[in-house]
Amino acid sequence: METAPSSFRINLFKYSGVGLGIAVSGQKDVPGVTITAVSKGSKAEKSGLVEPGDIILEVNNIDVTKMDYTETTELLKGLPVNTNVDLLLKPREGYVAHINSILSNGTMRTKRVTIRQKITMQSVKSSFKRFFTRTSLKTSLNEYPLQINQPSKTDSNKNERTKQSIYLNGQENGNVSCVGFRQENCSNAPNDTPLARPCYKMATDNEESQDDGRIIQINHSMNSVVQPLIQKSSYEKLEEKNVDGKIHIHCEETKLIPKPEQCKLPAVPEEDGDRRHVTTSATTKRFLRLKNVMDDGIVFTDTLHHKAIEPMECTSGRCLASVMSTAPQRLPGEPREKQELLAHATDFLEQYYASFKRLNTQAHQKRLEEVIASVDTTGSYDLTSSELTFGAKTAWRNAPRCIGRIQWSKLQVFDARHITSTRGMYEAICNHIKYSTNKGNIRSSITVFPHRREARHDFRIWNAQFIKYAGYRQEDGTVIGDPSSVEFTKICERLGWKGKCGRFDVLPLVLSADGQDPDLYEIPPELVFEVQIKHPRYDWFSDLGLKWYALPAVSEMIFDCGGLEFTAAPFNGWYMGTEIGTRNFCDTGRYNMLQIVAEYMGLDTSTTSTLWKDRAVVEINIAVVYSFQSVNATVTDHHAASESFMKHLHKEQAVRNGCPADWVWIVPPISGSLTAVFHQEMVNYKLRPSYEYQENAWKVHVWKKDRDQNRTKQVGSAKKRILFRQIARTVRFSANLMSKALTKRVKCLILYATETGKSEHYAGTLSQLFSKAFDVQKMCMEEYDVSNLEHETIVMVVASTFGNGDAPANGEMFGRQIYAMAFPEEVNRGVQKVNAYLYKSLSTDEMVLPEGLPPKGAAGGKSDALERKASKTSMLDQSGSLSNVRFSVFGLGSSAYPNFCAFGVLINRLLQNLGAECIQPMVQGDEMGGQEGAFRKWSNSAFKSACETFCLSEHIDNNPDIDATDQSWSADRFRLTVCKDAQEYDICTGLSKLHHHRTVVPCTMLSRTQLQASKSSRQTILICLDSEGADELTYMPGDHIGVFPVNNTKMVDSIVARLDGVPDPDVVVKSETLQYESGPQDTVQKWKTNDRLPICTIRTALARYLDITTPPTQSFIGHLAELATDEVERKALHVLANDSTAYEEWKFESFPSIVDVLEAFPSVRVVASLLVSELPLMKHRFYSISSSPQAYPGQIHMTVAVVQYTTKGGKFHSGVCSSWLNTMEEGTLLPCFVRPAPKFHLPSDDSVPVIMVGPGTGIAPFRSFWQQRKVDKYWKPTADTAKGQLPFGPMQLYFGCRTADGDNIYKEETSTAKAEGVLSSVYTALSREPNRPKTYVQDLLRQNGESIYYNIVGRGGHFYVCGDVSMAADVFIALEDILLNNSSMTTEEAKDYLLKLKDTNRFHEDIFGVTLRTAEVAKKTRLQSKDHRNSLTSVKHGDKEDREMQHRDGNNTENGSSVCMDEFSTHL
């Protein structure tokens, strides 16, 4: 629901018999109609959002401010029942209203607030600005002046307080809304005013308007007719004076034009029944009724024509509807004046920002200011890439003569505005032809060259079409070839081209750049896709020798967008069969094949009564369609095209309330009344942006050579005088050169979302690969403006998943925004939020769609984009908002989680639902194994698909593998350089630079306490840190602390000892990379600092910045193989580097660190620059904070499980961070930062029940909860019921461990908290207690199911889970069982209820990756690794019972929690 100070949007349901529940009446002095009453008991009354006096501005996005009362009520009555109606309302005059939405007890409540508005000086000025601005945009330059009529002396004598009348063509201006205007009958209207209508009066100097105790007086000096396009300064120079307590506003500098008696107004036809006729855009507010004469039930009401900013060529005395091509409206070669340009630019920017609901936002205003400043300074401005794409598509959408506009959103826009020469134009055109032809599967596209900035400096394509056949006139007057090309063929011949005098000779391209003389270029024959015409039944048809080209690319029209004129903007769609068969082959002025074919058919051509023409033309059209289909060339028949246009017409009526259409052009040249469009009434009008006709280039070009002889008039003169041969150049480029021209012109957006940086790293690698063939932009999702998405060409997504299916923090908003794009109605209705759909969609194999939408694979389903095939013979395909976008998704996650790669899956499916084309199926990279191989395979395949899509196939051969990127290490391109006299950063500053989105600060360790009994086989410690009052470490109970550990000293020393060519590992160095740069003459090489690591010593880098415990990647092992001196070791390393199955087996058996690898392969020469550039960065470890900031001010507590394990091969390992914490001395500094967890905080209402489930170290955050509750109870020991206070709700803890004596950490604290009434109950599940059955937390939940049901459902309680993902899944199932057993819910309803709890933030999860658990996951992924090479996963062994002893020593996997080296091998 939109909210704004002056207007707001609501949604009402129109019931049968009851209607909307409102009554309306007309009010003449304000726009629209006014709501006079709200029916009691109606939905409108119960919502509280509608009040009497509200003004209706829009109905279902139809602007009713330009309609009278009758028309608006007709519109309201005509709305179908049992549907939602969208109303834009404005409060009554003098008031403002806004909508507040608040979340109360898990329910979203909406409330309207209405307050009285004070009249201010600014509001008066704004009213004047709106009036003049709207007048200038809605009125033509040469017609319909705003008139001010002077009263006669007789009238003046009758009344001392004389009045001046302002009216627009004899009727009121509906846009006037400023104080001081009122409506009165105009007795002094001009005699030629056709209708006696009321007009607006403006008070004179002696007349005052009073409101709310303030006096506002408006002075004016307008005493003639005001020019429609008023100068900007005229409404900025409103002078304010305060005289005797009165505010005076004086409007000056109004530009004047002739007096009223010199202006003629067009006549308004009378109404014909219920038909409403438009006169001009300036004089009418009516909507047009357009009927379909074959179906009386179909009536369109067109209001879009009001947005036409230019009158049609037709006048009251003549109609030009059937004129083939009208003359250009503007002088050739002349750019627009600043004032006119700004008017068009303003209107275009309003359209652009309204298209993605950003109208009148700060971004809109800022952009408008930029355009105004540019026009004021340079006389012109430039469109952004997104604006250009929007404008080009909208121009096709607005083209009234095009029958195939249903595909308008799929137009591919190539931006060639950087080109300055004809050679560049030629390269771009060749690539346009190559891309659009697409081996016959035609793709709609446009290439836009620079716009007109100066007179006679245009970029022009002299050809009418890219591909057209020559016409040679013979001495006897006959023509060989295409007669329509005779004149242009002569031009080409005089430019030096020699034709072969054949019937189907392809003309060369004639191009001129920046107003210079033209150059001539031949089109490579391999680019011209021609179809030999044959007939399915008549074999003799092939003997006619007919053929035609498959690509109809119009190149002589001008693209008018935002006031800018792009004189060279060639575009193409695909052919309708009749364009070739009927017009090109049968017109007497073209190939004139009709009688020849008739004679071959044996028809009687002596008389027309035999209808031989009709029979022959049908067979010719059959031959054309059949021939195109035979070679898989795109073509549509005229019946399918007509049906598609009718579908487009219906869609446009629903979206834009109208569709400009030229009936004469829309109706196909044959079959007339047999087509659907023949019977449809249409209205033609001009909208901007648009494609317009312009003069032939050779008729207006001013030749630069021999200019003094005025070569413009000499085109037809003798060749020896014009010297065309001297200025002509015929060039043919190879296919490789053409593809290079397209490189960097096709844009590729790479989006990533990450928690730990892994996705960002992969996105960077992908960017390096794609930059070899595309113009790449890499962005984080949170930095990207989603409104630009529909204007992108290629979108590659690298998305991690955090937690149990959640989006990373920097991807969450992006996910919500594209979800809103896919299902705007559902989001507005608030049916469900994104998270619920995400969880539910991934619980099955299908994408969960909103109510009423079919599932994937069903007829009309939205999720089957991959299965849809573009029809070559039909134009009926629907297109979504992203139909012109190609995409592919790589998801990162851990298969240990139930919702594996959930966020990536969601993004992939939403993009499909929005109509985007997937060029490579989504691949899921598993953190448990095979992720790097999966990424490499996906990225190479995606790159190949993208190159093939955009005809860049040679880049595939040049880039066979992703390892060839510029960032891949090689000894001659990477080096370490000593930094003399430089000091390395302190560790916190260095880490902050390394992780630029984090501010790392030091904490001091105060104490370490062993929590488990000495007899336990495990260790869990409590670490107490001193935050030293750092503001960056402010936290709330439930938040996380991130810790950067230190690598084991012995491991670091072991690596240092193996370094080759490093005399001193304790000298400060920096990493440098050899890069190529373009110099004035040639490409040069320069060493540039690599900012991957801050400057530091090699020892510091190995100890603090680099991860030396994670198994090396396959690419890293490949580098080691090249550095091995022993042939046996080299071969073994090559196997591991190239055989993914062998690599996964090796990693599973040994889980080797880089130290282990170097020990196993002693001949490897260890190069320091390799380690610095290729080893992964040290990741922070997250721990749930185990303390309350109010209970322990200035301290942060952590509960940590110490990890130690032995691999299957017998190698002992210990966790990096937990072992470091377990051995450090008190007083040691820890680099830390706090990560908020707003979804895991205590409820704001203390009275609701809190249920906490946390086995093992999952109890960590709940320790902060009960400490905080204790503090809260201290400050509020008893509830004051008189003040409405409620007592504290119950707080229950469910804890799980192995044995009561050895593993029940915090037993004493929980007992004390229970005794003090802080915890109402504590339940402990024991899974290894002697002589007792194994019990888990989910078992205890089921035992207390009735109590849990009451606290959650009956009392609105909150449920918290912290621990391993497997445990969390079991708890979720237990809750479902509790709901089923204690209510009448079905299984599906129980799941939906839990999803609702998550959406309303009452079901809280803080879960982390695999730790001491899950044999089932290990077995599954191991089997997959053996069955499927190069892509699958391997995880560790473990016993299901181990799940309850969880810990937080983790390096966040990209599935978002705390599994890492420490946990990865705990149970190996």
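Values in this document were obtained by computation on a predicted structure and should not be read as measured data.

### Observations concerning the packing of aromatic side chains
Counting across every chain of the model gives 47 aromatic pairs. Between phenylalanine 1372 and phenylalanine 1403, the aromatic rings sit 5.8 Å apart at their centres with planes inclined by 75 degrees, giving edge-to-face as the arrangement. With phenylalanine 1372 in helix 40 (residues 1365–1381) and phenylalanine 1403 in strand 59 (residues 1403–1408), this pair connects stretches of sequence that are 31 residues apart. A relative accessible area of 16% places phenylalanine 1372 in the buried class. Its relative accessible area of 5% is what places phenylalanine 1403 among the buried residues.

### Some remarks on the pattern of salt bridges
Any two side chains of opposite charge can pair, given that their charged atoms come close. With the rule as written, the count across this model stands at 44 salt bridges. With a closest N to O distance of 2.8 Å, glutamate 387 and arginine 367 form a salt bridge. Of this pair, glutamate 387 sits in helix 8 (residues 385–398) while arginine 367 is found in helix 7 (residues 362–378), placing the two residues 20 residues apart along the sequence. Look at glutamate 387 and you get buried, because its relative accessible area is 1%. The exposure class of arginine 367 is buried, given its relative accessible area of 10%. The salt bridge involving glutamate 692 is made with arginine 688; its shortest N-O contact spans 3.0 Å. For the pair formed by glutamate 692 and arginine 688, the shared burial category is buried. Several salt bridges share partner residues, and in doing so they unite Arg336, Glu340, Asp560, Arg688 and Glu692 into one network.

### A closer look at the nonpolar core
One finds Met425, Phe449, Phe541, Trp548, Phe585, Val597 and Phe628 to be the most contacted residues of the largest nonpolar core, which totals 58 residues. Of all the secondary-structure elements, those providing two or more residues to this core are helix 9 (422–437), strand 26 (509–512), strand 29 (547–549), helix 11 (577–586), helix 12 (594–600) and helix 13 (612–630). With eight residues, helix 13 is the largest single contributor of residues to this core. Listed in part, the 48 residues of the second largest apolar core include Leu991, Val1056, Leu1123 and Leu1158.

Conventions used here
Residues numbered from 1 in each chain as written. Predicted model: local features only at pLDDT ≥ 70, side-chain atom pairs only at ≥ 80, totals over all residues. Heavy atoms only, no water. Phe/Tyr/Trp six-rings, centres within 6.5 Å; stacked < 30°, edge-to-face > 60°. Helix = DSSP H or I, 4+ residues; strand = E, 2+ residues; numbered from the N terminus. Buried < 20%, exposed > 50% of the residue type's maximum accessible area, 1.4 Å probe, protein only. Salt bridge = Lys/Arg side-chain N within 4 Å of Asp/Glu carboxyl O. Core = buried A, V, L, I, M, F, W, Y, C linked by side-chain atoms within 4.5 Å.

Fair warning: the whole summary comes from geometry, so function is off the table for now.
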